[in-house]
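Residues per chain, in single letters:
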Amino acid sequence: MKIAISYASKSRLPEIDFNNIPFGRTFSDHMFRMDYRDGKWQDAQILPYGPIQMYPTNLTLHYGQTIFEGLKASRAEDGTPMFFRLDMHAKRLNRSAERLGMPELPEEMFLEAVKALVDVDRKWIPSEFGSTLYVRPFMIATDEFIGVKISKTYSFYIVTGPSANYYTNPVKLVTSHNYARAFPGGLGEAKTAANYAASLLPALKANELGYDQVLWLDGIEHKYIEECGTMNLFAVIDGVVVTPPTGGTILRGITRDSFLHILKAKGIAHEERKITIQEIYDAHKDGRLTEFFGSGTAAVVAPVKSITHLDQTISFDDLKPTIGPMLKDYIDTLRTGTVEDEFNWITKLPQAA
């Protein structure tokens, strides 16, 4: 793929305090763009980060035909930029595209575009342990038409920005009975804007009550735990690591999948099965619940401080987790290149010319 490059006239890098990087608010000097028209992807380019120009009748603005991914680039001890499971993000983007009737982006194009952009802005990758360059690829419809239909044209973009650890403290969760995140046959498995938009108001209401995120229950019976905010969920009950199965309503988290591979390799008992909120409460009461945490690209592992369900709160302050911290440390250390990549998950960029 031929990629035209237009460099920024002046880098904003000297203005950045890498010791104080709020997540999702600081972006690198350049972005990638490629357009889909006449049945093919074309005009790949890297250009200075800046506004996107579009008409007010752009289909995405009215009907939400848009998808995205989220991944990280880290720096090995020798300075080499590295990606974690880059191919899996390409595959998941295409699953989301299929669900929304959008064109497939060939995996090689995805990989080449991400590598090329990060190569241009490689100096933006933080060197601090646990800090990374967050990479956000996304695709939007670009037809100019007000009508409920699938667009014929699209644009694919990638932006990047340095990021410290996403969560710094254990999170307080509350269940919701007035709202549902996803239903079978819906968009729960796709990384699309509508999927996340449905969670914003409930999350706001949870914040106003002093909680960090919503612990989502299934949309039909409101008794099976599914996701937490932007994360998949794990519990350790009777020494077994359990996580809800993905079946169309739960995002197929790449960090989640990685954890399952690590657990298997280490011989740690684990299951993918339905888990009721009552089981969590009962296991905690009986002393059989030893860990409860979320997993995701941004946080890797987010320990849970408490859950409130039907005005009953259980606190996990007394738990002494070992598996969650081990999983986080495994992936964080893997991103430094200091341990063996036994799963072949790391993709490295060549040294700068």
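Reading guide: rules and limits
- Residues numbered from 1 in each chain as written.
- Predicted model: local features only at pLDDT ≥ 70, side-chain atom pairs only at ≥ 80, totals over all residues.
- Heavy atoms only, no water.
- Core = buried A, V, L, I, M, F, W, Y, C linked by side-chain atoms within 4.5 Å.
- Buried < 20%, exposed > 50% of the residue type's maximum accessible area, 1.4 Å probe, protein only.
- Helix = DSSP H or I, 4+ residues; strand = E, 2+ residues; numbered from the N terminus.
- Contact = heavy atoms within 4.5 Å.
- Salt bridge = Lys/Arg side-chain N within 4 Å of Asp/Glu carboxyl O.
- 1 Å grid on protein atoms, 1.4 Å probe; cavity = no way out; pocket = protein on both sides within 12 Å on 5 of 7 lines; lining within 4 Å.
- Points joined across faces, edges and corners; volume = space filled by probe spheres on them.
- Nonpolar A, V, L, I, M, F, W, Y, C, P; charged D, E, K, R; others polar.
- Axes fitted to C-alpha atoms, helices over the stretch in contact; angles between N-to-C directions.
- Parallel < 35°, antiparallel > 145°, perpendicular 65-115°, else oblique.
- Left-handed = near helix turned anticlockwise from the far one by under 90°.
- Pairing = 2+ DSSP bridges.
- Polar contact = N/O pair within 3.5 Å; in protein donor to acceptor, adjacent residues only side chain to side chain.
- Lys, Arg positive; Asp, Glu negative; His and termini not counted.

K.L.:
Any chance you could explain the nonpolar core here in plain terms?
P.N.:
What tends to happen in soluble globular proteins is that the nonpolar side chains get buried as a cluster. Counting 37 residues, the largest nonpolar core has Phe32, Phe110, Val114, Val118 and Phe156 as its most contacted members. Mapped onto this core, the elements with two or more residues apiece are strand E2 (30-37), strand E3 (40-48), strand E5 (71-75), helix H2 (86-99), helix H3 (107-120), strand E7 (132-141) and strand E8 (154-163). Take this core: its biggest share by element is 6 residues, from H3. Contact partners of Val118, with chain neighbours within four places excluded, come to Ala73, Phe83, Ile125, Leu133, Val135, Thr160 and Leu349.

K.L.:
Even after reading the chapter, I still don't get the pattern of salt bridges, so can you show me in this structure?
P.N.:
Two side chains of opposite charge can pair, provided their charged atoms sit close to one another. With the rule as written, the count across this model stands at 21 salt bridges. A salt bridge links Arg37 to Asp43; its shortest N-O distance comes to 2.5 Å. Across the salt bridge formed by Asp257 and Arg85, the nearest N and O atoms sit 2.7 Å from each other. One end of the pair, Asp257, is in helix H5 (residues 254-265); the other, Arg85, is in the loop between strand E6 (81-84) and H2, and 172 residues separate them in sequence. Overall, Asp257 belongs to the partly exposed group, its relative accessible area being 21%.

K.L.:
Just checking my understanding: could you explain empty space enclosed by the protein for this structure?
P.N.:
It is a probe the size of a water molecule, rolled over the atoms, that shows where empty space is left. Counted according to the given criterion, the structure contains 1 cavity of 30 Å³ or more. Taken as a whole, the largest cavity encloses approximately 50 Å³ of empty space. Looking at the largest cavity, the residues that line it are Leu71, Lys72, Phe84, His89, Ile254, Thr255, Thr297 and Arg335. Of all elements in the fold, only E5 and H5 reach the threshold of two or more residues within the lining of the largest cavity. Grouping the constituent residues of the lining of the largest cavity by class yields 3 nonpolar, 3 polar and 2 charged.

K.L.:
For this particular structure, what's the right way to read the environment of Lys40?
P.N.:
One can find Lys40 in strand E3. Judged by relative accessible area, Lys40 falls into the exposed class, the value being 51%. Lys40 sits 106 residues away from Ile146 along the chain, and the two C-alpha atoms are 23 Å apart.

K.L.:
Can you walk me through the packing of H2 against H3 in this structure?
P.N.:
Each packed pair of helices is defined by two parameters, the angle between the axes and the distance between the axes. At a closest axis distance of 9 Å, the pairing of H2 and H3 adopts a crossing angle of 125°. What the angle tells us is that H2 and H3 run oblique. Our pair here, H2 against H3, has a crossing hand that is right-handed. Facing H2, whose interface residues are Leu86, Asp87, His89, Ala90, Lys91, Leu93 and Asn94, H3 presents Glu107, Phe110, Leu111, Val114 and Lys115. For the contact of H2 with H3, the per-class residue count stands at 6 nonpolar, 2 polar and 4 charged.

K.L.:
Can you help me understand the pairing of strand E11 (residues 225-228) in this one?
P.N.:
Regular strands place side chains that alternate from one sheet face to the opposite one. Of the pairings in the sheet, the one linking strand E10 (residues 213-217) to E11 comprises 2 bridges and is antiparallel in character. Residue Leu215 lies in a different strand from E11, and its bridge partner there is Cys228. Strand direction decides the pairing type here: E11 and strand E12 (residues 231-237), joined by 2 bridges, are antiparallel. Looking at E12, one finds that Glu227 is bridged to Asn232. Hairpin connection from E11 to E12: 2 residues lie between these consecutive antiparallel strands, with Gly229 at a positive phi of about 60°.

K.L.:
What am I meant to see in the side chain of Thr255 here?
P.N.:
Inspection of the secondary structure puts Thr255 in helix H5. On the accessibility criterion, Thr255 (6% relative accessible area) is buried. Separated by 3.4 Å, the side chain of Thr255 and the backbone oxygen of Gly296 make a polar contact.

K.L.:
How should the layout of surface pockets be read in this particular structure?
P.N.:
In this structure, the largest pocket occupies an estimated 960 Å³ of space. Around the largest pocket sit 44 residues that line it, and Phe68, Tyr134, Arg136, Tyr196 and Thr230 are the ones nearest its centre. Within the residue set of the lining of the largest pocket, elements represented by two or more residues are strand E4 (66-68), E7, E8, helix H4 (193-208), E10, E12, H5 and strand E15 (289-296). Among the elements that make up the lining of the largest pocket, the one with the highest residue count is H4 (6 residues). Per-class residue counts for the lining of the largest pocket are 21 nonpolar, 18 polar and 5 charged.

K.L.:
Where do I start with the environment of Tyr36 in this structure?
P.N.:
One can find Tyr36 in strand E2. With 117 residues separating them along the chain, Tyr36 and Thr153 place their C-alpha atoms 5.4 Å apart.

K.L.:
Could you clarify how one ought to interpret the packing of H5 against helix H7 (residues 323-334) in this entry?
P.N.:
At their nearest, the axes of H5 and H7 sit 11 Å apart, and the two run at 105° to each other. The angle between H5 and H7 places the two elements in the roughly perpendicular class. In this structure, H5 contributes Thr255, Ser258, Phe259, Ile262 and Leu263 to the contact, and H7 contributes Ile323, Met326, Leu327, Tyr330 and Ile331.

K.L.:
When you look at the side chain of Lys191 in this model, what are you seeing that I'm missing?
P.N.:
Structurally, Lys191 is set in the loop between strand E9 (171-175) and H4. Put simply, Lys191 is tucked away with no salt bridge, and the nearest opposite charge, on Glu69, sits 5.7 Å away. Sequence-distant contacts of Lys191, that is, excluding residues within four places in its chain, are made with Thr66, Ile67, Phe68, Glu69, Gly70, Arg92, Ser96, Tyr196 and Leu251.

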